[in-house]
Amino acid sequence: MVLYDVEDCFSNAVHTAFAMNTVAKHIINKYFKRNEVECGIGIDFGRMLVTKTGFRRHGVQRHNYRSLVWLGRPANVASKLTDIANKGATYRDEPAVHVGRMYGSEALWTTEPVETFLPKLEVEYLGTGRLFRHSDAYVFGFFPTTRRVAITPDSPPILMTRVVYDGYRSKNPTAKSIVNNWIKRCDVIVPGYSDVVFGGDVTFVELQGP
């Protein structure tokens, strides 16, 4: 976890995220044939509480930052964003109906959700069986199938809360990532956070190396 003082915190945090993403994608992965290294980064802003834990050992040189515990909502939200970042979409297969419509001499087949198709279907019971009629006169046939539905969308390597994005954009209105819209709104769900999430796959060309 990386924390910054309030002054220039938005720029420092976002630029650090760009640098970390660059190192993971273009430097570390040079040593892995299949690009196994993936980095997910989450950024939030807010008040934090820091406290020391554990025992102090006399006579042993220790860094000041060791045994520190950071508490607060930003750490929790940023951690959840990190877990969600840089993940591929997940899918599930659900029942559907493959529907054929005849427009003149051309047949067009589409896949529709069951809950959309069935209410428009009427059943007439005849002596020899059942006759199905659809409210759309162009429908000439249908059969059951399945369709793949995305449960969660793809997420970029860097995710940030709205307050971070607004703060960064305010301080860096002419940055390439802002002007070129490299950081966009993301349709991800973060437990305990109800506002908009922004994200992108931004790197520093200067750090990518030869």
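Values in this document were obtained by computation on a predicted structure and should not be read as measured data. (Residues numbered from 1 in each chain as written. Predicted model: local features only at pLDDT ≥ 70, side-chain atom pairs only at ≥ 80, totals over all residues. Heavy atoms only, no water.)

Novice: For this particular structure, what's the right way to read the nonpolar core?
Specialist: The tendency in soluble globular proteins is for nonpolar side chains to be buried side by side. One finds Val14, Phe18, Ile43, Ile158, Met160, Tyr168 and Ile183 to be the most contacted residues of the largest nonpolar core, which totals 21 residues. Elements with a contribution of two residues or more to this core: helix 1 (9-27), strand 1 (41-43), strand 9 (158-161) and helix 4 (162-171). When residues no more than four places from it in sequence are discounted, the contact partners of Met160 are Val14, Ile43, Leu81, Tyr165, Ile183, Val196, Val197 and Phe198. Judged by nonpolar contacts, the second largest core, of nine residues, contains Leu81, Ala85, Cys186 and Val197. (Core = buried A, V, L, I, M, F, W, Y, C linked by side-chain atoms within 4.5 Å. Buried < 20%, exposed > 50% of the residue type's maximum accessible area, 1.4 Å probe, protein only. Helix = DSSP H or I, 4+ residues; strand = E, 2+ residues; numbered from the N terminus. Contact = heavy atoms within 4.5 Å.)

Novice: Would you explain the sheet that holds strand 10 (residues 184-186) in this entry?
Specialist: Strand pairing in a sheet relies on backbone hydrogen bonds, with the paired strands running either antiparallel or parallel. With respect to topology, four strands assemble into an open sheet ordered 1-9-11-10, the strand pairing being mixed. Each edge of the sheet is formed by a strand with only one pairing partner; in this case those strands are strand 1 and strand 10. For this sheet the average axis-to-axis angle between neighbouring strands, irrespective of direction, equals 35°. Against the sheet, helix 2 (residues 73-84) contacts strand 1, strand 9 and strand 11 (197-200), and its axis sits at roughly 150° relative to strand 1. Across the sheet, helix 4 touches strand 1, strand 9 and strand 11, and the angle it forms with strand 9 is around 95°. (Pairing = 2+ DSSP bridges. Axes fitted to C-alpha atoms, helices over the stretch in contact; angles between N-to-C directions.)

Novice: Which parts of the structure should I look at to understand the packing of aromatic side chains?
Specialist: In this description, a pair of aromatic rings is defined by centroid distance and the angle of the planes. Evaluation of the coordinates by the stated rule reveals nine aromatic pairs. Arranged with centres 4.1 Å apart and planes meeting at 10°, the rings of Tyr165 and Phe198 form a pair that is stacked. Taken as a pair, Tyr165 in helix 4 and Phe198 in strand 11 lie far apart in primary sequence, 33 residues in all. Comparing Tyr165 with Phe198, the two get one shared label, buried. Members of the aromatic cluster, joined through ring pairs, are Phe18, Tyr168 and Phe204. (Phe/Tyr/Trp six-rings, centres within 6.5 Å; stacked < 30°, edge-to-face > 60°.)

Novice: How do you make sense of unusual backbone geometry when you look at a structure like this?
Specialist: With glycine set apart, most residues show a phi of negative sign, and most peptide bonds adopt trans. Within the chain, Asn86 stands out as a residue other than glycine whose phi angle is a positive 60°. Along the chain, Asn86 falls in the loop between helix 2 and strand 4 (90-103). The phi torsion at Asn181 lies on the positive side, around 60°, for a residue other than glycine.

Novice: Help me understand the sheet that holds strand 5 (residues 106-113), please; the structure alone is not making it clear to me.
Specialist: Judged by pairing direction, the sheet is antiparallel, and its three strands sit side by side in the order 5-4-8 without closing on themselves. Of all the strands in the sheet, just strand 5 and strand 8 (139-152) have a single pairing partner and so form its edges. Going from strand to strand, the sheet's axes swing by 30° on average, the running direction of each strand aside. In this structure, strand 4 lies alongside strand 5, joined through eight bridges in antiparallel fashion. Counted as the bridge partner of Val97 is Glu112 from strand 5.

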